[in-house]
Amino acid sequence: MKSALAPTGRTKSNVSPQRHRAWELLTIFCCLVAVLGVLFLKGFLPDRTVFSNDGPLGAISAACSQLPGAFLGYWQDLNWLGGTGPNPGLTLTTALGISFGPVLFSKLYAPLGLLFLGLAAWFCFRQWKQHPIACILGAIAATLNSDFFSTACWGLVSQPIAFGFDFLALAALADDSGRRRWLKVILAGFAVGLSVMEAFDIGAIFSLVIAAFVVYQACVGDGPAVKRLVQGVVRVGLVAVFAGFIAAAALITLVGTQIEGVAGMRQDTKTREQHWMEATLWSLPKREALDILIPGIYGFRMDTPNGGAYWGAGGRSPAWDAYFASGEKGPPPPSSQPLRFSGGGHYAGILVDLIALWAVLQSFRKEKSVFSPKQRKFIWFWGGVAVVSLLLAFGRFAPFYQFFYALPYASTIRNPAKFIHVFEWALIILFAYGLDALARRYLEPAEGTARDLSSQLKAWWTRAAVFDRRWVIGSAMALGIGALGWLVYAASRDHLVAYLQQVGFEDASSANAIASFSIRQPLWFLLFLTLAAGLVTLALSGYFSGRRARTASVLFGLLLVLDLGRANVPWVVTYNWKERYASDPVLDILRQKPYEHRVAVLPFAAPGQLGFINQFYSLEWAQQQFQFYNIQSLDVVQMPRPPLDTVAYQAALRPNTNAVTIQRLTRLWELTNTRYLIGAAGYLHVLNQQLDPVQHRFKIAAAFNVGLKPGVEHYTGTQDLEAEITPNGPYALFEFTGALPRAKLYSNWQVSTNDQATLKELPDPAFDPEKTVLVAEPVGAPKPSATNQAPGTVDWVSYAPKDVVLNAKAAAKCILLLNDRFDPNWHVTIDGKPAALLRCNYIMQGVKVPPGDHRVEFRFAPSPIGLYVSLAAIGVGLCLVGFLVVSRPAAPEQEQEKRQEKRKMPSRNCCTST
């Protein structure tokens, strides 16, 4: 299908379309591999790997994360009392995980995910019949887009992969008139479903955009309006059905673990209002939209050195906004209220911004536009998507997100800043449209003899269209305004330093370094704006037309790679994984049969430098080494959607302002099998005198200090430190001998079917959890004669996160308590026979055991129906792809006749003209 933007006098190539497509694919593949290889080079070294905040090596090495077992149900046993989460679906991410193993996966996941995104973008633009220059440079722009790139470097590679699947969905929807269009609509649905499986709620947001695109595509097509609308609705229905078909397993577990029974997820007005601040915490501050044009002006990562640390307001608690608005009157908010947090950028590239803007402006020129009427309409669609997405990304900093938030289940989506992904996606599509028009209108035609640069510019300017003249003048004005803005910004350096010291950078040297770094960034913007505007002007002048078109494509590509590559370098962080995950004497104690106990940090920070242990514990042990060595901690690393039972249980055992209730901490550790605690050694007296004044069950298991690891000369972060046991160390690993065993038999139990009464009784000092267990199900009362005798013993046979096997020797009928969180997807057998799973002590598991020796097995086994449905969908999808690839096209003579007929009729491709 030939675009009307292609010049009529174009010379036919002797190279077959298939071979040309293969060379084009090879070109973009080699370009992306080379660029990503350079950017991630250090991560490929044997002892190093790529940093990942949300998927660190320790987490993906944990036993609970191992594949393929997690396909049949995911149970995270390393934080809190355990808990379920969305199953890892049959996705590209899990395929890479199974193929490479934890270490190699941590090295390759980010670059391979970005490579997939780039290739998917190329395929999408290729299906839209866009010019090869637009296809290749559009793929590079997608791969190196700082929003997508920094997201991958933060560890959320599944999101760029999801965006790649969304590109594939658009590719399948490109042709809405071919004989196989309905098969392609089904494939588009599968691609959307895979996007949801990779990115969850972000995939759902993108699915709404694709649904809107399908309806819009039908509405701007040919034929009666009602017929077009019906076709659009049917196509959307097919996309939705087959997206749900392939994503069945993910959708079932998402609803079951992230919505049902989760605090703040009810859809009544009161709950949504209460959840507003939490749901909109990560909104994009309006002024930080400047980062789309000037990367690093607000810094990069929180730990970027040499003044590059992030200093914006992203992730800031509203409590800090109120504190600053009040003129800093009163005490500042507590440390639990974040002042800022960011791990991503939003830079799209100057060339991308410029050409996308050119495309939008060209679309409003009506008959003088370089775009066809249908192309103009699609540019308006993607321009509208970009504008709406940016406004929604502002979240609580603008009035627009509240209308989206009021929609059913929209309140379940956290962080409005996620909409910036859609904005960047739409911007790349607009960039591809603009490049396609530039290439076909200004690069391909060979107008006579090639002139030198000066002569070409002079000759062109005398006959340039009004729009082109205004574009050049506007580009020059933008440069001037940018230069003036930089001068004003540089002149306000003292005010910037004062502001930085006000918002957390009290140290003058840090504030000055950040100010200097920020003031330098607009200079890079002016440099690349000058180069980009110059190249676009030369393209408009016709200087690159004909034989120089290849030179233009190389220059545009180099500018794109240099600009985005420079902006992306700070996001790539690597570290020596062997050093970071090396054990130490304290870890050696905790990793011995870690399933028999839990560990927690003392919830009160020690004064002065002694309080550093809380930071070290949180950043290193809890998030890194504990996961790597499968050490189970009561502390929660991340639980953005806490279950209702967890919220209620924690509230019942949380101390309040009453000094007596501080002993609830002791009861919490007792009930949850928390045997070890970490904190300042001086707190031993406080623990025994205030938290356990009667029984004094706390003792120091090991005193230790924290120092630099061998071979490390200078401290750069907590990753440089390790614990070393010393007799008089300032820190201690406390042992709480009163913690209940992980598994225990009770001959005395009490039926308590009223949850509120149970929550009231658990912290009551009169209740003795060592002797009595509370059971939520009516299992009958114990025999009076058995309540005073020893219940028996429990021995461990084997332990796995989803399979706990015990040997119980019960002297009488007993309740076997397993101090792991209750979930109905756990099943229990006694000597191989199914038994009723009980809910004990409000939140724990249990089973009634008859007298004698018995093998008791607890197994986490959710229904596999969703997985089987997804497997069937994948099979159908592969068959459809195979059919489309293998089925032979029409004979050359027939194809030629069809092309001649089509030249007489309007094209209906979503990108080419009518």
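In this text, all values refer to a predicted model and were calculated from it rather than measured experimentally.

**Things to note about the overall build of the chain**
Okay, so step 1: Helices and strands together make up the secondary structure of the chain, namely 30 helices and 20 strands.
Okay, so step 2: Here the C-alpha atoms of the chain give a radius of gyration of 31 Å, agreeing with the 29 Å that 2.2 N^0.38 yields for 914 residues.
Okay, so step 3: Judged by the C-alpha coordinates and their principal axes, the chain covers about 105 × 65 × 50 Å.
Okay, so step 4: Counting over 914 residues, the chain shows a buried share of 53%.
Okay, so step 5: Pairs at least 24 residues apart make up 76% of the contacts formed inside the chain by residues separated by at least 6 positions.
Okay, so step 6: When the accessible surface of the chain is split by element, carbon and sulfur atoms take 61% of a total near 39800 Å².
Okay, so step 7: Here the chain contributes 82 positively and 63 negatively charged side chains, and the mean placements of these two sets differ by 11 Å.

**Details of the sheet that holds strand β8 (residues 721-725)**
Okay, so step 1: Spatially, the five strands line up as an open sheet ordered β5-β6-β9-β7-β8, and their pairing is mixed. Edge positions in the open sheet fall to β5 (598-601) and β8, since each of these has one partner strand only. The average undirected angle you get between the axes of adjacent strands in this sheet is 30°.
Okay, so step 2: In terms of strand pairing, strand β7 (residues 698-708) meets strand β9 (residues 731-736) through six bridges, oriented antiparallel. Bridge pairing in β9 places A703 opposite A732.
Okay, so step 3: Contacts from helix α26 (residues 664-671) reach β6 (674-680), β7 and β9, with the element oriented near 70° to β9.

**Focus on the environment of F125**
Okay, so step 1: As for its position among the elements, F125 is in helix α3 (residues 92-127).
Okay, so step 2: In this structure F125 comes out as buried when scored by relative accessible area, which is 0%.
Okay, so step 3: Separated by 307 residues in the primary sequence, F125 and A432 place their C-alpha atoms 7.4 Å from one another.
Okay, so step 4: Non-local contacts of F125, meaning those with residues more than four positions away in its chain, are made with Q130, A134, C135, G138, A139, F167, I428, I429 and A432.

**A look at the pairing of strand β15 (residues 814-821)**
Okay, so step 1: Among the eight residues of β15, eight are classified as buried, and the element is accordingly described as predominantly covered.
Okay, so step 2: Two strands pair when backbone bridges link them, and strand β10 (residues 743-746) and β15 are joined in this way by four bridges, in the antiparallel orientation. Residue pairing for β15: L745 is matched across the bridge by L816.

**Things to note about the packing of aromatic side chains**
Okay, so step 1: All chains considered together, the criterion is met by 60 aromatic pairs.
Okay, so step 2: Considering the side-chain rings of W75 and F860, the 5.1 Å spacing of their centres and the 50° angle between planes classify their relative orientation as tilted. One end of the pair, W75, is in strand β2 (residues 75-76); the other, F860, is in strand β20 (residues 852-860), and 785 residues separate them in sequence.
Okay, so step 3: Of the residues examined, W75 reaches a relative accessible area of 2% and is grouped as buried.
Okay, so step 4: An angle of 85° between the planes, with centres 5.5 Å apart, marks the rings of F190 and F242 as edge-to-face. Of this pair, F190 sits in helix α7 (residues 181-199) while F242 sits in helix α9 (residues 225-246), placing them 52 residues apart in sequence. Here F190 matches F242 in class, with each residue buried.
Okay, so step 5: Above the plane of the ring of F51 lies R301, whose end atom (NZ or CZ) is 4.2 Å from the centre.

**Regarding the packing of α3 against helix α4 (residues 132-144)**
Okay, so step 1: Direction vectors running N to C along α3 and α4 enclose 150°, while the axes themselves pass 8 Å from each other. The orientation of α3 relative to α4 falls into the category roughly antiparallel. In this structure, α3 crosses over α4, and the sense of that crossing is right-handed. Of α4, the residues touching α3 (which contributes L114, L117, G118, A121, W122, F125 and R126) are A134, C135, I136, G138, A139, A142 and T143.
Okay, so step 2: Grouping the amino acids of the contact of α3 with α4 by side-chain chemistry returns 10 nonpolar, three polar and one charged.

**Side note on helix α25 (residues 644-652)**
Okay, so step 1: Buried residues of α25: T646, Y649 and A652, and no others. What you see down the axis of α25 is that its buried residues fit within an arc of 135°, all on one side.
Okay, so step 2: Packed against the buried residues of α25 are α26, α28 (755-761), β15 and β19 (844-849).

**Quick word on the pattern of salt bridges**
Between side chains of opposite charge, a pair can form when the charged atoms approach closely.
Okay, so step 1: The full count for this structure, using the stated rule, is 22 salt bridges.
Okay, so step 2: A salt bridge links R126 to E24, with the nearest nitrogen and oxygen atoms 3.2 Å apart. With R126 in helix α3 and E24 in helix α1 (residues 17-39), the pair connects residues that are 102 residues apart, well separated along the chain.
Okay, so step 3: The class for R126 is buried, based on a relative accessible area of 16%.

**Considering the packing of helix α5 (residues 146-153) against helix α6 (residues 158-172)**
Okay, so step 1: Between α5 and α6, whose axes approach to 7 Å, the crossing angle comes to 135°. Here α5 lies oblique to α6, going by the angle between them. Contacts from F148, T151 and A152 in α5 reach Q159, P160 and F163 in α6.
Okay, so step 2: Here the residues of the contact of α5 with α6 sort into four nonpolar, two polar and no charged.

**Description of the nonpolar core**
Okay, so step 1: Among the nonpolar cores identified, the biggest contains 166 residues, and F40, F125, F149, F167, W358, W382 and W425 are the most heavily contacted of them.
Okay, so step 2: Per element, the largest residue contribution to this core is 19 residues, and it comes from helix α16 (residues 419-443).
Okay, so step 3: Membership of the second largest hydrophobic core comes to 41 residues, among which are W80, L634, Y649 and L759.

**Observations regarding the pairing of strand β13 (residues 792-800)**
Taken residue by residue, a regular strand's side chains alternate between the two faces of the sheet.
Okay, so step 1: Sheet analysis places β13 next to strand β14 (residues 803-810), joined by eight bridges and oriented antiparallel. Bridge pairing in β14 places G792 opposite A810.
Okay, so step 2: Connecting the antiparallel pair β13 and β14 is a turn made up of two residues.

**Some points on the side chain of D291**
Okay, so step 1: Summarising the element assignment, D291 is placed in the loop between α11 (269-279) and α12 (318-325).
Okay, so step 2: The charged side chain of D291 is buried without a salt bridge, its nearest counter-charge being R566 at 8.8 Å.
Okay, so step 3: Setting aside anything within four residues of it in sequence, one finds D291 in contact with G296, I297, G345, H346 and Y347.

**Some remarks on the sheet that holds strand β17 (residues 833-835)**
Okay, so step 1: If you trace the five strands from one edge of the open sheet to the other, you get β13-β14-β20-β16-β17, paired in antiparallel fashion. This sheet does not close on itself; its edge strands, each paired only once, are β13 and β17. Along the sheet, successive strands turn relative to each other by an average axial angle of 25°, direction set aside.
Okay, so step 2: Inspection of the sheet shows β14 paired to β20 by eight bridges, in the antiparallel sense.

**Here we look at a nonpolar patch on the surface**
Okay, so step 1: Taken together, the side chains of W182, V226, V230 and V234 make up a nonpolar region of the molecular surface, amounting to roughly 350 Å² of accessible area.
Okay, so step 2: Counting residues per element, the nonpolar patch draws most heavily on α9, at three residues.
Okay, so step 3: Relative to the helices and strands, V230 is located in helix α9.
Okay, so step 4: Look at V230 and you get partly exposed, because its relative accessible area is 48%.

Parameters and conventions
- Residues numbered from 1 in each chain as written.
- Predicted model: local features only at pLDDT ≥ 70, side-chain atom pairs only at ≥ 80, totals over all residues.
- Heavy atoms only, no water.
- Helix = DSSP H or I, 4+ residues; strand = E, 2+ residues; numbered from the N terminus.
- Rg over C-alpha atoms; globule rule 2.2 N^0.38 Å.
- Buried < 20%, exposed > 50% of the residue type's maximum accessible area, 1.4 Å probe, protein only.
- Contact = heavy atoms within 4.5 Å.
- Areas by Shrake-Rupley, 256 points an atom, 1.4 Å probe, with all protein chains shown as cover.
- Lys, Arg positive; Asp, Glu negative; His and termini not counted.
- Charge placed at Lys NZ, Arg CZ, Asp CG, Glu CD.
- Pairing = 2+ DSSP bridges.
- Axes fitted to C-alpha atoms, helices over the stretch in contact; angles between N-to-C directions.
- Phe/Tyr/Trp six-rings, centres within 6.5 Å; stacked < 30°, edge-to-face > 60°.
- Lys NZ or Arg CZ within 6 Å of the ring centre and 35° of its normal.
- Parallel < 35°, antiparallel > 145°, perpendicular 65-115°, else oblique.
- Left-handed = near helix turned anticlockwise from the far one by under 90°.
- Nonpolar A, V, L, I, M, F, W, Y, C, P; charged D, E, K, R; others polar.
- Arc of directions from axis to C-beta.
- Salt bridge = Lys/Arg side-chain N within 4 Å of Asp/Glu carboxyl O.
- Core = buried A, V, L, I, M, F, W, Y, C linked by side-chain atoms within 4.5 Å.
- Patch = residues over 30% accessible without salt bridge, like charges linked within 9 Å, V, L, I, M, F, W, Y side chains within 5 Å.

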